[in-house]
Amino acid sequence: MKKVCHLTTVHVRYDTRIFVKECSSLAANGFDVTLVVADGLGNEVKNGVSIQDIGKPSSRLKRLLTYHKKMIIKAFEIEADIYHFHDPELLRIGKTLVRKGKKIIYDSHEDVPRQVLDKAYIPSLIRKPLSSFIQNYENKIVSKISGVITVTPNLENRFLKSNSNVVQVRNFPKIQEFNPEEEVNLVKENAVCYVGAISKVRGVLNMVEAMEHLKDTKLLLGGKFENEELRDQAIKTEGWKKVQELGFLTREDVKNTLKKSIAGLVVLEPTRSYVDSIPVKMFEYMIAGIPVIASDFPYWRELIAEADCALFVNPKKPKEIASAITNLTSNKVLANEMGNRGQKAVIAKFNWSIEEKKLISFYNQLTI
């Protein structure tokens, strides 16, 4: 049995992509899987995956400066055949493991160099040089490792310039998690929802402002704000009166929130990293059987055009978002038809079962 070690200092232990999908799928397909995290919650075994905790850093700076050392000690202790990294900051220990003859996979969830260009907490003067540094550093390390897993065509094309062994494993939903055939006792509310990380660039202020233009519809808002300042700003807007703040949601809570909603919002702002992204929440809305109100990005239109399950809007125009919400809340038949088409598209095409096969095949190639 091949021993696999996934490593992250950034993501939570039950991260949907890392633990729920990748690690659990590998364990179910005969791999001995360990997931190393840094959250201070201790060790455990779940879904056949051994989760080992190296302790929670007291600050982001401490994590960046010292936790790669803790991670390399743990990595050597585990003695895996394959190491699977999920954070760019951990690539530095990849070099050491390569020298020891280990096989290394880098899982690029997002286009980090593009993201840096839009990070508000990074001083504007250093964003471009920092972005270039990260891209060059990623490319340099990637050229020396066994392979790369990415989530979009743009990322795949970028990394293929540095490494010939690159595969897209997209973060599509697990059909069984949402169980489309399950009898649902939840009553539809006159509500739309957003579930995920809550930030300005993910459109929270525009979503809340859109609620000002609606009479009887509410917004079910699930997730954590990126900071208290943003939450205070959202609360002060008139539209907040029609927001039901749900806080952090378990996976079961997510499913129930979607089932109660008429439509799901994914109105990310047109940043350089988002316009070519594949937001998992869009496909979770679809498998839950509700239509999507989405940012009008060409790639998104192309991706789900055949499904005809979304209304596309300018994400920076709250009145346009409100109009799309009204179109669906005032026409339940249309909303239901669009939701059914989206659900069928996920069952046929946009699901984890398909992506899982690519992941397992990629791993099998490395273990030959």
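Quick notes on the rules
Residues numbered from 1 in each chain as written. Predicted model: local features only at pLDDT ≥ 70, side-chain atom pairs only at ≥ 80, totals over all residues. Heavy atoms only, no water. Salt bridge = Lys/Arg side-chain N within 4 Å of Asp/Glu carboxyl O. Helix = DSSP H or I, 4+ residues; strand = E, 2+ residues; numbered from the N terminus. Buried < 20%, exposed > 50% of the residue type's maximum accessible area, 1.4 Å probe, protein only. Core = buried A, V, L, I, M, F, W, Y, C linked by side-chain atoms within 4.5 Å. Contact = heavy atoms within 4.5 Å. Polar contact = N/O pair within 3.5 Å; in protein donor to acceptor, adjacent residues only side chain to side chain. Pairing = 2+ DSSP bridges.

## Considerations on the pattern of salt bridges
So, step 1. Taken as a whole and assessed by the stated rule, the structure comprises 21 salt bridges.
So, step 2. Ionic pairing is found between K74 and E77, a salt bridge with its closest N-O pair at 3.1 Å. Remark: E77 and K74 occur in helix 2 (residues 60-78); sequence separation between them is three residues, near one turn of the helix.
So, step 3. Judged by its relative accessible area of 14%, K74 falls in the buried class.
So, step 4. On the accessibility criterion, E77 (52% relative accessible area) is exposed.

## Looking at the nonpolar core
So, step 1. Counting residues in hydrophobic clusters, the biggest one holds 65 residues, and the most contacted among them are M286 and I304.
So, step 2. In terms of residue count, the dominant contributor to this core is helix 8 (residues 204-211) (six residues).
So, step 3. Dropping the residues within four chain positions of it, I304 is found in contact with M282, F283, M286, C309, A310, F312 and F350.

## Focus: the environment of S261
So, step 1. Residue placement: S261 occurs in the loop between helix 10 (251-260) and strand 12 (263-266).
So, step 2. Once you skip the residues sitting within four places of it in the chain, S261 turns out to touch K188, A191, V192, C193, L220 and I290.
So, step 3. Of the polar contacts made by the side chain of S261, one reaches the backbone oxygen of T257; its length is 2.8 Å.

## Some details on the pairing of strand 5 (residues 82-85)
So, step 1. Of the two faces of strand 5, both are covered, the one formed by I82 and H84 as well as the one formed by Y83 and F85.
So, step 2. Where strand 1 (residues 3-7) lies against strand 5, four bridges are found, and the strand directions are parallel. Across the sheet, the residue bridging to C5 is Y83, located in strand 5.
So, step 3. With four bridges connecting them, strand 5 and strand 6 (residues 103-107) associate as parallel partners. Across the sheet, residue I82 finds its bridge partner in strand 6, namely K103.

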